[in-house]
Amino acid sequence: IAGIDANSYCVSFTAPSAANPMPSIRNAAELAKQTVSDRTYRQEWLAEFVDDNAGVFKGVRECIRDHATEPEPYKTYVMGIDWGRVNDATVYTIICVEDAQVVCIERITQTSYAIQLERLRRLCELWKPYDILAEANSLGSPLVEALQQFELPVRAFQTTATSKPPLIDALALAIERRDIGLTDNHFLISELQAYQSERLVSGTIRFSAPANMHDDMVISCSLAWKAAKLGSRLVLFEA
């Protein structure tokens with residue numbers, strides 16, 4: 001083009017999947033509305049340029065509900081665990097499957113793993129979780145093995161660049177739709193509201209807490225929600 005430096009000239013455009021001439025792609029785009037968060041749908045299916053600094057979880061406070069603080073008969077409970085020791089906290093999050101409600105959160109800092117495991121064992125005696133999904137990265141692996149020796153229903157979850165995005169996106173979708181009930185816990189609400197995503201040069205999305213903040217509550221709640229979704233299907237099957 002005359003008068004324009006070809007090395008500096010660029011064009012941006014969007015091509016949403018909903019406009020794809022292939023019916024299968026258009027159908028997939030329609031189905032995606034039901035399975036991913038609004039942010040992911042706009043970015044991956046509508047090809048919109050979404051602000052990387054925008055929050056991941058929308059409508060957090062609208063999900064806060066009153067709830068039972070003690071186990072209820074005939075209710076099913078699951079747990080998500082994110083481990084920590086010195087800089088990070090260990091967080092146990094318990095969700096009631098039938099109510100899709102966070103009913104208990106225990107946050108532990110500056111505590112030995114032996115005491116953490118004992119407190120977890122006591123929580124399990126009280127709530128009797130049907131399923132426990134625990135992060136197994138780094139020191140998490142031997143802790144998961146220790147819990148399995150207690151004959152607790154523990155499953156390991158490896159948090160990777162591949163497994164983390166769908167884990168976080170599932171919780172984001174549940175919050176957007178008000179499918180999950182949250183408890184008015186300061187640490188939980190603060191972490192959810194501050195959580196961010198960033199598009200890397202490779203094109204992948206990295207989820208993380210802002211600088212000088214933590215995401216222990218976010219990960220623990222996400223793991224509990226993943227266990228709850230599986231638990232809800234099992235409850236319906238058994239019914």
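Note that the structure is a prediction, hence the values are computed from the model and not measured.

Cut-offs and rules
Residues numbered from 1 in each chain as written. Predicted model: local features only at pLDDT ≥ 70, side-chain atom pairs only at ≥ 80, totals over all residues. Heavy atoms only, no water. Phe/Tyr/Trp six-rings, centres within 6.5 Å; stacked < 30°, edge-to-face > 60°. Helix = DSSP H or I, 4+ residues; strand = E, 2+ residues; numbered from the N terminus. Buried < 20%, exposed > 50% of the residue type's maximum accessible area, 1.4 Å probe, protein only. Contact = heavy atoms within 4.5 Å. 1 Å grid on protein atoms, 1.4 Å probe; cavity = no way out; pocket = protein on both sides within 12 Å on 5 of 7 lines; lining within 4 Å. Points joined across faces, edges and corners; volume = space filled by probe spheres on them. Nonpolar A, V, L, I, M, F, W, Y, C, P; charged D, E, K, R; others polar. Arc of directions from axis to C-beta.

Asks: I would appreciate a short explanation of the packing of aromatic side chains in the present structure.
Replies: Each aromatic ring pair is summarised here by two numbers: the centre-to-centre distance and the angle between the ring planes. Counted by the stated rule, this structure contains four aromatic pairs. Summarising the aromatic geometry, the rings of Phe57 and Tyr195 are spaced 5.7 Å apart at their centres and angled 35 degrees between planes, so their arrangement reads as tilted. In this pair, Phe57 is assigned in the loop between α2 (38-44) and β1 (77-82) and Tyr195 in the loop between α6 (186-194) and β6 (196-199), connecting sequence segments 138 residues apart. A residue is classified by how much of its surface remains accessible, and Phe57, at 6% relative accessible area, is buried. On the basis of relative accessibility, which here comes to 0%, the residue Tyr195 falls in the buried class. For the ring pair Tyr195 and Phe207, a centre distance of 6.4 Å and an interplane angle of 0 degrees mean the geometry is stacked.

Asks: Got a minute to help me understand the environment of Gln193 in this structure?
Replies: Inspection of the secondary structure assignment puts Gln193 in helix α6. Sequence spacing of Gln193 and Val218 is 25 residues, and the spatial spacing of their C-alpha atoms is 9.9 Å. In this view, Gln193 contacts Val60 and Arg61; residues no more than four positions away in its chain are not counted.

Asks: What should I look at first to understand the environment of Val97 in this one?
Replies: Relative to the elements of secondary structure, Val97 occurs in the loop between β2 (90-96) and β3 (101-108). Accessibility expressed as a relative area gives 9% for Val97, which makes it buried. Along the primary structure Val97 and Trp225 are separated by 128 residues, whereas in three dimensions their C-alpha atoms are 8.9 Å apart.

Asks: Looking at this model, I keep getting lost on unusual backbone geometry. Mind explaining?
Replies: Most peptide bonds adopt trans geometry, and most residues besides glycine take a negative phi value. Phi is positive for Gln110, close to 50 degrees, though the residue is something other than glycine. Position of Gln110 relative to the elements: it lies in the loop between β3 and α3 (113-127).

Asks: Quick question: what am I supposed to make of the layout of surface pockets here?
Replies: To find the voids left in a structure, one rolls a probe of water-molecule size over its atoms. Here the largest pocket defines a volume of roughly 290 Å³. Split by residue class, the lining of the largest pocket holds four nonpolar, six polar and six charged.

Asks: What should I look at first to understand helix α4 (residues 140-149) in this one?
Replies: Quick reminder: α-helices carry 3.6 residues per turn. Residues three or four places apart thus point the same way. For α4, every residue scored as buried is listed here: Gly140, Leu143, Val144, Ala146 and Leu147. Down the axis of α4, the smallest arc covering the buried residues is 160 degrees, so these residues share one side. Buried positions along α4 lie against β1, α3, β4 (131-135) and β5 (154-157). After α4 finishes, the residue Glu151 shows a positive phi value of roughly 60 degrees.

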